[in-house]
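Overview (structure and organization)
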Amino acid sequence: MKKIAIFGVGLIGGSFALALRKVGAVQHVAGVGRSLAPLMRAKELGIIDTACSSVEEAVAAADLILVAAPVAQTEAILASIAPCLEPGTVVTDAGSTKTDVVAAARKALGKKIAQFVPGHPIAGREQNGPDAAIVDLYVGKKTVITALPENTESDIARVAEAWQRCGSIIHRLTPQEHDRVFAAVSHLPHLLAYALVDDIAKKPHADLLFQYAASGFRDFTRIAGSSPEMWRDISLANHTALLGELDAYMERLNELRGLLAERNSKGIEAVYANAQHARQNWIRTIEAAEQQSKQGGD
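The structure contained in this document is the topic of the report that follows. (Residues numbered from 1 in each chain as written. Predicted model: local features only at pLDDT ≥ 70, side-chain atom pairs only at ≥ 80, totals over all residues. Heavy atoms only, no water.)

Bringing the overall build of the protein chain into the picture now. Counting secondary structure elements, the protein chain contains 12 helices and 9 strands. For 298 residues, the compact-globule estimate of 2.2 N^0.38 gives 19 Å, and the protein chain sits close to it at 21 Å. Projected onto its principal axes, the C-alpha coordinates of the protein chain cover approximately 65 × 40 × 40 Å. Of all 298 residues assigned to the protein chain, the portion counted as buried reaches 41%. In the protein chain, the share of contacts with a sequence separation of at least 24, taken over all contacts with a separation of at least 6, comes to 76%. In the form shown here, the protein chain has an accessible surface area of approximately 16,000 Å², with 56% of it arising from carbon and sulfur atoms. Side-chain charges of the protein chain comprise 31 positive and 33 negative groups, with the mean position of each set lying 2 Å from the other. (Helix = DSSP H or I, 4+ residues; strand = E, 2+ residues; numbered from the N terminus. Rg over C-alpha atoms; globule rule 2.2 N^0.38 Å. Buried < 20%, exposed > 50% of the residue type's maximum accessible area, 1.4 Å probe, protein only. Contact = heavy atoms within 4.5 Å. Areas by Shrake-Rupley, 256 points an atom, 1.4 Å probe, with all protein chains shown as cover. Lys, Arg positive; Asp, Glu negative; His and termini not counted. Charge placed at Lys NZ, Arg CZ, Asp CG, Glu CD.)

Structure below.
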């Protein structure tokens, strides 16, 4: 590609640019953001070539536009792009929710909706900003494309190829399927991690508790170090599916509480053993997929 434009040059957008640069897949990267400081830092780090002062400058002659900002900003960003969106340009996003993003895109882009191919790279770190961007963030990771009926296969292929050049493995879901899946395996875990740390922090003896918190607590709560703004937006955007998963989880916790109150050792062990077995199977599946991906790359 001759040019890509990235709205949001932090972890997700910045890593996308670095990965494409590494493999020589893009000649020029234009960056757009809400403030100048992150853009200048991204330029200093070699993530972008141009820190654009206007949307028009950023998207002019772009082959691909990536919206890598919090999902609540999607509609406003796409609305700013729409008047200057050229016919040959494809727009995609990296939002962690899709049903709301598609609705926002339809409202903002109108007749140009066919040029928007929704996506979601399943990768991240708890750090934020341009300094968090790393060249291999997407290697071996999934990217879900939730294509629209209006999209052409060539536009879908352009988005898929860009993520593949970053080392990602492409999957396809509908927006609705995507949001149901990620409410369970991503959005709920983040909510739980934030809730646990917040609960500990508000206890009168929080300092003592944190003093003795070790690797188990750190591992369980790692994702609570992620951007509160981003995860606020994700939680609200996918609130219906997330509420359903939260209700089901609370029922499960209540069942486990009952077993604990009854001192039902067999019942508790059965829950723990089932969870252990399921997690081990999941890890084996991941390791097998990673090994297959490495062999394919070789």
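This next bit is on the sheet that holds strand S5 (residues 90-93). Think of a sheet as strands paired side by side through backbone hydrogen bonds, with each pair either parallel or antiparallel. Here 6 strands make up an open sheet; going across it, the order is S3-S2-S1-S4-S5-S6 and the pairing parallel. Two strands bound the open sheet, and with one partner strand each, they are strand S3 (50-51) and strand S6 (116-117). Pairing between S5 and S6: 2 bridges, direction parallel. Each bridged residue has a counterpart across the sheet, and for Thr92 the counterpart in S6 is Val117. (Pairing = 2+ DSSP bridges.)

Attention now moves to the sheet that holds strand S7 (residues 119-121). One open sheet accounts for 3 strands, arranged S7-S8-S9; its pairing is mixed. Each edge of the open sheet is held by one strand with a lone partner, namely S7 and strand S9 (169-172). Neighbour-to-neighbour, the strand axes of this sheet turn through a mean angle of 20 degrees, independent of strand direction. Where strand S8 (residues 142-145) and S9 come together, 4 bridges link them in parallel fashion. (Axes fitted to C-alpha atoms, helices over the stretch in contact; angles between N-to-C directions.)

This part takes up the side chain of Asn238. As for its position among the elements, Asn238 is in the loop between helix H10 (228-237) and helix H11 (239-261). Asn238 sits in the buried class, given a relative accessible area of 4%. Those residues in contact with Asn238 that sit more than four places away from it in its chain are Thr97, Asp179, Ala183 and His187.

Okay, the packing of aromatic side chains next. All told, the structure shown has 3 aromatic pairs when counted by the stated rule. When the ring of Tyr138 is compared with that of Trp163, the centres are 5.0 Å apart and the planes differ by 80 degrees; the resulting orientation is edge-to-face. Taken as a pair, Tyr138 in the loop between S7 and S8 and Trp163 in helix H6 (residues 153-165) lie far apart in primary sequence, 25 residues in all. We classify Tyr138 as buried; its relative accessible area is 1%. Seen from their ring centres, Phe210 and Phe217 are 6.1 Å apart, and the 75 degrees between their planes marks the pair as edge-to-face. An aromatic cluster of three or more residues is present, and its members are Phe16, Tyr138 and Trp163. (Phe/Tyr/Trp six-rings, centres within 6.5 Å; stacked < 30°, edge-to-face > 60°.)

Let us now look at the pairing of strand S4 (residues 64-67). Side chains Leu64 and Leu66 of S4 all project onto a buried face; the interleaved residues Ile65 and Val67 project onto the opposite face, where all are buried too. In terms of strand pairing, strand S1 (residues 3-7) meets S4 through 4 bridges, oriented parallel. From the neighbouring strand, Ile4 faces S4, where its bridge partner is Leu64. Pairing geometry for S4 and S5, over 4 bridges, is parallel. The residue bridging Ile65 from the neighbouring strand is Val91, located in S5. The parallel pair S4 and S5 is bridged by helix H4 (residues 74-81), and the resulting crossover is right-handed. (Right-handed = clockwise from strand over helix to strand, strands pointing away.)

The end-to-end C-alpha distance of H11, which contains 23 residues, comes to 32 Å, matching closely the 33 Å that a straight helix rising 1.5 Å per residue would cover. Arg263, located one to two residues past H11, shows a positive phi value of around 55 degrees. (Expected span 1.5 Å × (residues − 1).)

This paragraph deals with the environment of Asp155. As for its position among the elements, Asp155 is in helix H6. By relative accessible area, Asp155 is classed as buried at 14%. In this structure the C-alpha to C-alpha distance between Asp155 and Gly88, which are 67 residues apart in sequence, comes to 9.3 Å. Beyond its immediate chain neighbours, meaning those up to four positions away, Asp155 contacts Val90, Ala114 and Val117.

Moving on, we come to the nonpolar core. In this structure, Ile4, Ile6, Phe16 and Tyr138 are the most contacted members of the largest nonpolar core, which totals 35 residues. Secondary structure elements with two or more residues in this core: S1, helix H1 (11-22), helix H2 (36-44), S4 and H6. Looking at this core element by element, the count peaks at 7 residues for H1. Among residues more than four places away in sequence, those in contact with Ile6 are Gly13, Phe16, Ala17, Val29, Ala30, Gly31, Val32 and Leu66. (Core = buried A, V, L, I, M, F, W, Y, C linked by side-chain atoms within 4.5 Å.)

Any functional reading would require information that these geometric values do not contain.
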